[in-house]
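One-letter residues, chain by chain:
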Amino acid sequence: MDNIKLVAIDLDGTFLTDTKEIPKANIEAVHRIMDKGIKVVICTGRTLPGTRRFIDQIDFGHENEYAIIQNGAATHRLPEYDVVAATYQPLENRKKLVRFFFESRIDTLQLVAFDQENLFLIDDQNPSEFVQKDAETLATPITFISQADFDQVEGIFKMMVLGPKAVLDAWNELLTQEIKEDFDVVRSQPIIIEFLSNDTNKATALKALSEDLGIARTEIMAIGDEQNDVEMLKWVKHSVAMGNASPAIKELCLYETVSNNEGGVAAALRKLF
């Protein structure tokens, strides 16, 4: 594939194993294609603290490499992690979601929000196991905050509702048309529903970055496994589904590789390059 100039790679379930480790083969494969002049862009739903340690392990070793985080809400230039593009949520929309959540809340569901460095747990002092695990995964401490204080926080990238799958399924059915119109709603995991600003996803961020770099859609490959990768996998010309992806994800992709626990990224890059 001599025409590929950029490869966009998801982290969880793709570049990382289920135990959140990077297979050595994946790093070696990324370095090989970077040595050929191909850009590699990590595209993840994680926060910056939850992404940085993996980028450090990859050791890009080049100036002007990039990472897309927060499911497309922020793009950073490496190695300084300068923000080159960001989409923040309008305060009015945030207030609507907070109000709707607490009016319709079911059982143990909790509402969190993210800025550059923080995970805010809104109007709750007792984080559930789901919120605690997410905070650990993202290497981001939980900041307890009231609704009133949250209204004063600027630079919010996204909000999420977390809880048991069955409970979250039931609450998802209550979402109003207004909320769906105000946000891009993504079921990134069975236990998480994410709320991003309209037209904010990995594909929109990747499109904006590629235009800045002068790289055409036909010159981009993307590798992913989850629902928050769908727009990106549909937008690029060369799409790769992980072996652990759902049948629906595999159906929309041009290629399929082995699972994340088997070094599926390395296998794909070896085969396609």
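Here, every reference points to the structure presented above.
So, here's what we can say about the structure.

Basis of the calculations
- Residues numbered from 1 in each chain as written.
- Predicted model: local features only at pLDDT ≥ 70, side-chain atom pairs only at ≥ 80, totals over all residues.
- Heavy atoms only, no water.
- Pairing = 2+ DSSP bridges.
- Helix = DSSP H or I, 4+ residues; strand = E, 2+ residues; numbered from the N terminus.
- Axes fitted to C-alpha atoms, helices over the stretch in contact; angles between N-to-C directions.
- Contact = heavy atoms within 4.5 Å.
- Phe/Tyr/Trp six-rings, centres within 6.5 Å; stacked < 30°, edge-to-face > 60°.
- Buried < 20%, exposed > 50% of the residue type's maximum accessible area, 1.4 Å probe, protein only.
- Lys NZ or Arg CZ within 6 Å of the ring centre and 35° of its normal.
- Salt bridge = Lys/Arg side-chain N within 4 Å of Asp/Glu carboxyl O.

1. So, the sheet that holds strand 6 (residues 110-114)
Backbone hydrogen bonds are what pair the strands of a sheet, in a parallel or an antiparallel way. Taken in spatial order, the six strands make up an open sheet running 8-7-6-9-11-10, and their pairing is mixed. With partners counted over all chains shown, the strands left at the sheet margins are strand 8 (142-145) and strand 10 (183-189), one partner each. Between one strand and the next, the sheet's axes are offset by a mean angle of 30°, whatever the strand orientation. Pairing geometry for strand 9 (residues 158-162) and strand 11 (residues 192-197), over five bridges, is antiparallel. Looking at strand 11, one finds that M159 is bridged to F195. Packed onto the sheet, helix 5 (residues 129-137) meets strand 6, strand 7 (119-122), strand 8, strand 9 and strand 11 and runs at close to 135° relative to strand 9.

2. What about the packing of aromatic side chains?
Evaluation of the coordinates by the stated rule reveals seven aromatic pairs. A ring pair is formed by F100 and W171, whose centres lie 5.8 Å apart and whose planes are at 50°; its orientation type is tilted. A residue pair is termed long-range when its members are at least 10 positions apart, and F100 in helix 4 (residues 91-104) and W171 in helix 7 (residues 165-172) qualify at 71 residues. Exposure remark for W171: the relative accessible area of 0% places this residue in the buried category. By the ring-pair criterion, three or more aromatic residues cluster together here, those being F100, F101, F102, W171, F183 and F195. Its guanidinium or amino end placed over the ring of Y81, R52 lies 4.3 Å from that ring's centre, counting from NZ or CZ. Sitting above the plane of the F114 ring, K158 keeps its charged end 5.5 Å from the centroid.

3. Examining the pattern of salt bridges
Throughout the structure, instances matching the rule amount to 15 salt bridges. For E194, the salt bridge is made with K158, and the minimal N-O distance between the two is 3.1 Å. Here E194, found in strand 11, pairs with K158, found in strand 9; they are 36 residues apart in sequence, far enough to count as distant. The exposure class assigned to E194 is buried, which follows from its relative accessible area of 4%. A residue is classified by how much of its surface remains accessible, and K158, at 1% relative accessible area, is buried. D229 is the partner of K202 in a salt bridge, and the nearest nitrogen-oxygen pair spans 2.6 Å. In this pair, K202 is assigned in helix 9 (residues 202-213) and D229 in the loop between strand 12 (220-224) and helix 10 (230-235), connecting sequence segments 27 residues apart. K202 sits in the buried class, given a relative accessible area of 1%. By relative accessible area, D229 is classed as buried at 0%. Each of D10, K202 and D229 takes part in a single network of salt bridges with overlapping partners.

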